[in-house]
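Tertiary structure, described
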Amino acid sequence: MTSEASKAQNEKGEMACGDLQEGIVLKVLSGTYIVQAEADKSSDPPRYTCILRGTLRKQLTYTESAALPRRVVKAKMPPQTDVVAVGDRVLFSILPDHTGVIEEVLPRRTRFARAAFRGKEQTLVTNLDQLVVVFACAEPNPDPWRIDRWLVAAEAFGLEAVLVANKRDLVDETQFQRSFGEFAALGYKVLPTSALKETGIEPLRHVLRGRISAFTGPSGVGKSSLLNVLQPGLHLKVGAVGDVTHRGRHTTTVRELFPLEGGGWVADTPGLRQLELPALSRQELAECFVDFRPFLATPCRFRDCRHETEPGCNIKMAVEQGHLSARRYRSFLEIAHELEQSRPK
Ligand SMILES: Nc1nc2c(ncn2[C@@H]2O[C@H](COP(=O)(O)OP(=O)(O)OP(=O)(O)O)[C@@H](O)[C@H]2O)c(=O)[nH]1
Ligand SMILES: [Mg+2]
Ligand SMILES: [Zn+2]
């Protein structure tokens, strides 16, 4: 920022008058933020284009809320690129010209991030209640190993996960069950939908009501298409499957939180080729496999069991006895090895 601009901003800040309002950040543009006032309970609360108080701009770390799961706090947080992210609750003042100044960012209850370029993590959305993990029944075909990763990431970030099986119109019941039955058996809520035929939309609307959710999943599975059906008038850009994979670009670029008519908010995030997991230890990773949890309740023979070659391992025993899926166990080992390799020595 030029010194002129900074001076102008300070003057603007000093002009701020009246009480601070609490709001939620719906959209982040370059240097400005769209904030919806939350004190106003009307059906269409006012939105303000806000700038950031100069001093906040320098502040790159936040007090994390005590409600944040231990593994999230423990996970090493690389420098954050986003001072204010979509979903942040903020205190802001309103200026006479009806623009605003963000004075304070309230502690983040949850945070969903991905590793971005040059080692800087990119916060996608904060304060989420749940992750809506969207995969397609076909085009692109669902890959159970990738689904595992997304579900594990949700657990690692302390978020509840709902699995949406979109493009249900492209497969029959047998095929649908073959791809998604195992996840329903794990206890996940699996919602078959078709954005094209507009089926399965009501149950999806139901799980979104009154909560803050983000749609995530690979590119081309129909996240934006589903949101367009859920909330007519959004007009999100939808891409052809081929386009996305061939050019390696995502149709969705802007992160934005949309208020839903029935209450609640939902964010669209672009399809991520590879989801980054926070730096979890083996023991923490095992806990992110929801089906492993009952077998972790009693400790393995060795306190620091890696659940791989150790004798007296409860997880291995459960797999051998057919109580745990061998595929899920392999998935666990694969992710564990990958995390260990990427960890700085
Ligand atoms: N047959 C069928 N096609 C669908 C359905 N939903 C979406 N599509 C198509 O799938 C393609 C990708 O849809 P998008 O909504 O752009 O996918 P996205 O998940 O938002 O993709 P990114 O923004 O790149 O992450 C488009 O050609 C849609 O028309 C569906 O339920 N059935
Ligand atoms: Mg999209
Ligand atoms: Zn073990």
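Our structure's up above, just so we're on the same page.
Only a predicted model underlies this, so the values are computations on that prediction, with no experimental measurement involved. (Residues numbered from 1 in each chain as written. Chains lettered and ligands numbered in written order. Predicted model: local features only at pLDDT ≥ 70, side-chain atom pairs only at ≥ 80, totals over all residues. Heavy atoms only, no water.)

**Points about the overall build of the chain**
Assigned secondary structure in the chain consists of 12 helices and 13 strands. Within the span of the chain, comprising 345 residues, buried residues form 48% of the whole. Put simply, of all contacts in the chain between residues at least 6 apart along the chain, 66% involve residues at least 24 apart. When the accessible area of the chain is evaluated, it comes to approximately 17000 Å², of which 53% is carbon and sulfur surface. (Helix = DSSP H or I, 4+ residues; strand = E, 2+ residues; numbered from the N terminus. Buried < 20%, exposed > 50% of the residue type's maximum accessible area, 1.4 Å probe, protein only. Contact = heavy atoms within 4.5 Å. Areas by Shrake-Rupley, 256 points an atom, 1.4 Å probe, with all protein chains shown as cover.)

**Considerations on helix α4 (residues 144-156)**
For α4, built from 13 residues, the straight-helix expectation of 18 Å at 1.5 Å per residue is met to within 8% by its first-to-last C-alpha distance of 18 Å. Most of α4 sits inside the fold, with 10 of its 13 residues counted as buried. Listing the buried residues of α4 in full gives I147, D148, R149, W150, L151, V152, A153, A154, E155 and A156. The N-cap of α4, judged by a side-chain oxygen 2.9 Å from the amide nitrogen of W145 a few residues on, is D143. In the segment just after α4, G158 is the residue with positive phi, at about 75°. (Expected span 1.5 Å × (residues − 1). Polar contact = N/O pair within 3.5 Å; in protein donor to acceptor, adjacent residues only side chain to side chain.)

**Here we look at the coordination of the zinc ion (ligand 3)**
Looking at the metal site, the zinc ion (ligand 3) is ligated by C300 (SG), C305 (SG), H307 (ND1) and C313 (SG), spaced 2.1 to 2.4 Å from it. Considering all 4 donor atoms around the zinc ion (ligand 3), the spread of angles at the metal, 106 to 115°, places the coordination shape in the tetrahedral class. Written as a sequence motif, the donor arrangement for the zinc ion (ligand 3) is C-x4-C-x1-H-x5-C. One end of the pair, C300, is in the loop between α10 (293-296) and α11 (314-320); the other, C313, is in the loop between α10 and α11, and 13 residues separate them in sequence. (Donors = N, O, S within 2.8 Å, 3.2 Å for Na, K, Ca; no water. Tetrahedral: all angles 85-135°; square planar, octahedral: opposite > 155°, others 65-115°.)

**Here we look at the nonpolar core**
L128, L131, L163, F180 and L257 are the most contacted members of the largest nonpolar core, which has 33 residues in total. Secondary-structure elements contributing two or more residues to this core are β1 (21-28), β7 (121-126), β8 (130-136), α4, β9 (160-166), α5 (173-185), β11 (212-216) and β13 (265-268). Looking at this core, the element that brings in the most residues is α4, giving 4 residues. When residues are assigned to domains, this core turns out to be shared by domain 1 (3-111) and domain 2 (130-268), each giving three or more. F180 has contacts with F135, A136, C137, P142, I147, L163, A165 and V190, leaving out every residue within four places of it along the chain. I315, A318, Y329 and L333 belong to the second largest nonpolar core, which has 23 residues in total. (Core = buried A, V, L, I, M, F, W, Y, C linked by side-chain atoms within 4.5 Å. Domains from an automatic or database assignment.)

**Let's talk about the packing of aromatic side chains**
Overall, the coordinates contain 7 aromatic pairs when judged by the stated rule. Measuring from centroid to centroid gives 5.0 Å for F289 and F292, while their planes differ by 25°, and the two rings are stacked. Pair check on accessibility: F289 and F292 agree, each one buried. Note on Y329 and F332: the rings are 6.4 Å apart at their centroids and 20° apart in plane angle, and the pair reads as stacked. (Phe/Tyr/Trp six-rings, centres within 6.5 Å; stacked < 30°, edge-to-face > 60°.)

**Quick word on the pairing of strand β3 (residues 47-52)**
In the sheet, strand β2 (residues 33-37) pairs with β3 via 4 bridges, with the strands oriented antiparallel. Looking at the pairing, Q36 lines up with R47 of β3. Here β3 pairs with strand β5 (residues 100-105) via 3 bridges, running parallel. Looking at the pairing, I51 lines up with V101 of β5. (Pairing = 2+ DSSP bridges.)

**Points about unusual backbone geometry**
In this model, E139 is joined to P140 through a cis peptide bond whose omega is 0°. Residue placement: P140 occurs in the loop between β8 and α4. You will see that H98, though not glycine, has its phi angle at about 70°, which is positive. With phi around 50°, E139 is a residue other than glycine that occupies positive phi space. Position of E139 relative to the elements: it lies in the loop between β8 and α4.

**Brief notes about helix α12 (residues 326-342)**
Under the 1.5 Å per step criterion, the end-to-end length of α12 is 24 Å for 17 residues, consistent within 8% with the ideal 24 Å. Buried within α12 we find R327, R328, Y329, S331, F332, L333, I335, A336 and L339. Packing partners of the buried residues in α12 comprise α4, α5, α9 (282-288) and α11. Structurally, the start of α12 carries an N-cap: the backbone nitrogen of R327 is 3.2 Å from a side-chain oxygen of S325.

**Thoughts on the pattern of salt bridges**
Summed over all chains, the structure comprises 18 salt bridges. Across the salt bridge formed by R168 and E173, the nearest N and O atoms sit 2.7 Å from each other. What makes E173 partly exposed here is its relative accessible area of 41%. Look at the salt bridges and you will find they share partners, linking D148, E182, D291, R327 and R328 into a network. (Salt bridge = Lys/Arg side-chain N within 4 Å of Asp/Glu carboxyl O.)

**Examining the packing of α4 against α5**
Interhelical geometry of α4 versus α5 gives an angle of 35° and a closest axis separation of 11 Å. At the point where α4 passes α5, the crossing takes the right-handed sense. Here α4 contributes P144, I147, D148 and L151 to the contact with α5, which in turn contributes F180, E182 and F183. (Axes fitted to C-alpha atoms, helices over the stretch in contact; angles between N-to-C directions. Left-handed = near helix turned anticlockwise from the far one by under 90°.)

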